[in-house]
Amino acid sequence: MRAMKPFKYGCVVDADFFCPRPLLQNRLVEYVRDGQNVVLVGERRMGKTSLVFAACKSLRGYRMLYVDLLNIRTVSDFCNRVATAAAQMGKQASFGSRAMSFVSRLRPTLSVDPDNGMPVISVDTKTAEDPRSMSDVVSLVERFAREERIFVVFDEFQEVRKLDACDQVLAVLRSRIQLLQDTCFIFSGSVRADMVSIFTDPASAFYKSALTLEVSCIPDDDFIPFLLRRFASGNRKADADFIRRILDFTNRTTGDVQQLCAAVWSTTEDGQKLQVADISTALQDIFATEGGQFEFQTAKLTRYQLKALVALAKFGGERVYSSEFLQRAEMPSTATLTKALNRLTDDRLIYNYKKSYRFFNPFLRAWIVSRGF
């Protein structure tokens, strides 16, 4: 009988699938209890959301209002996400009707998600597009906070910067949130530059409004034993050197580590002793499922954007303005390279990390190298 897959990725992980991060978890719990607003900053797929949910389990007597802001485009989108999250805080039907009443000025409608049976609130688009409507959704949070102890999580908060009325929205939010001194707001974001701009730019309404908690790589001393245990639970034999190769390949990004480990497990047999060659086999398995997306991403690039991306994949992202890199990338000038790198960054194919460029998706880098561009 085949063992159950011991790795999960691309979702909130908990229980045995979550690698404990006691220092961060305890600090986050402390902030919530103190009503201290906090900014969670870390690269994508570093486990920020799973960390929040793990900390939540330690907070007896508190309820979490979790709002995912990924891909919001309008103020009404923001209002819809908050109102729906509030409606779904409890299983009782009363939560939906209460949330509706708190934002009645926004002309809400209540429906049910056919996939999960949970309430969904939609506010009137024209009414909610006024940035001042954000005051109504904060009032909703305030009403709930009067009745029970809650803390609020705005995940992917950097998406606010995409709103046309971003500055006004942030100003309204800050003016109302700062009055809720006993309620902790957690702002989590995976685009560092945007989060830094929101919380450290003196011109921003949220300037110095929250403490920063960095969510970086899990230390090897913690992560390696955890991954060895997970492989053992799936009836695979691994050693520390094998795990380090996986960590090095993925830049120790938690979600990518779990994905590669899952692929290794899926492409090997019960009781097998894992070898370096198994990583290559696992990558081919990942290419089989994600190769179409990689084809699409690279096909839409211009000539010099593709040349820059290929050069980064083959030669690394350090000293990109050296004459050697420019020659290898076949760039006519530093200006051309700069333009290409900026576009690749805007498209979130690469990001700047400590004066070096990295791929958002390490498997895209490996795919490019394997294709021999």
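We now turn to the structure provided with this report. (Residues numbered from 1 in each chain as written. Predicted model: local features only at pLDDT ≥ 70, side-chain atom pairs only at ≥ 80, totals over all residues. Heavy atoms only, no water.)

**Focus: the sheet that holds strand β2 (residues 63-68)**
As summarised here, the arrangement of the five strands in space is β2-β5-β6-β1-β7, forming an open sheet in which the pairing is parallel. One side of each edge strand has no neighbouring strand; the edge strands of this open sheet are β2 and β7 (211-214). Averaged over all pairs of adjacent strands, the angle between their axes in this sheet comes to 20°, without regard to strand direction. Looking at chain direction, strand β1 (residues 38-41) and β7 are connected through four bridges and run parallel. Each bridged residue has a counterpart across the sheet, and for Val39 the counterpart in β7 is Thr212. Contacts from helix α6 (residues 134-147) reach β2, β5 (150-155) and β6 (184-189) within the one sheet, and its direction differs from that of β5 by about 150°. (Pairing = 2+ DSSP bridges. Helix = DSSP H or I, 4+ residues; strand = E, 2+ residues; numbered from the N terminus. Axes fitted to C-alpha atoms, helices over the stretch in contact; angles between N-to-C directions. Contact = heavy atoms within 4.5 Å.)

**Quick look at the environment of Leu24**
In this structure, Leu24 sits in helix α1 (residues 22-34). Sequence separation of Leu24 and Glu214 is 190 residues, and the distance between their C-alpha atoms is 8.6 Å. Here Leu24 is in contact with Leu51, Leu213, Glu214 and Val215, once residues within four sequence places are set aside.

**Digging into the nonpolar core**
Judged by nonpolar contacts, the single largest core of 52 residues is most densely connected at Leu227, Phe231 and Leu260. The element best represented in this core is helix α11 (residues 254-266), accounting for seven residues. Setting aside chain neighbours within four positions, we find Phe231 in contact with Phe7, Arg236, Ala238, Phe242, Ile243, Cys261, Val264, Trp265 and Leu274. By size, the runner-up hydrophobic cluster in this structure holds 41 residues, among which are Phe157, Val160, Leu170 and Ala210. (Core = buried A, V, L, I, M, F, W, Y, C linked by side-chain atoms within 4.5 Å. Buried < 20%, exposed > 50% of the residue type's maximum accessible area, 1.4 Å probe, protein only.)

**What about the packing of aromatic side chains?**
Applying the stated criterion across every chain, the model contains 20 aromatic pairs. Their ring planes at 35° and their centres at 6.0 Å tell us that Phe249 and Phe363 sit as a pair that is tilted. With Phe249 in helix α10 (residues 240-249) and Phe363 in helix α16 (residues 362-371), this pair connects stretches of sequence that are 114 residues apart. Each member of the pair, Phe249 together with Phe363, is buried. (Phe/Tyr/Trp six-rings, centres within 6.5 Å; stacked < 30°, edge-to-face > 60°.)

**Description of helix α15 (residues 334-346)**
End to end, α15 covers 18 Å across 13 residues, agreeing with the expected 18 Å (1.5 Å per residue, within 8%). If you check which residues of α15 are buried, you get Leu337, Ala340, Leu341 and Leu344. The buried residues of α15 occupy one face: seen down the axis, they fall within an arc of 100°. For α15, the exposed residues set more than 90 degrees away from the buried face come down to Ala335, Lys339 and Asp346. Where α15 is buried, its residues meet α13 (303-315), α14 (323-328), β8 (350-353) and β9 (356-359). (Expected span 1.5 Å × (residues − 1). Arc of directions from axis to C-beta.)

**What about unusual backbone geometry?**
If you check the backbone angles, Ala15 has positive phi at about 55° while not being a glycine. Along the chain, Ala15 turns up in the segment before α1. Even without being glycine, Lys355 reaches a positive phi, approximately 65°. In this fold, Lys355 is placed in the loop between β8 and β9.

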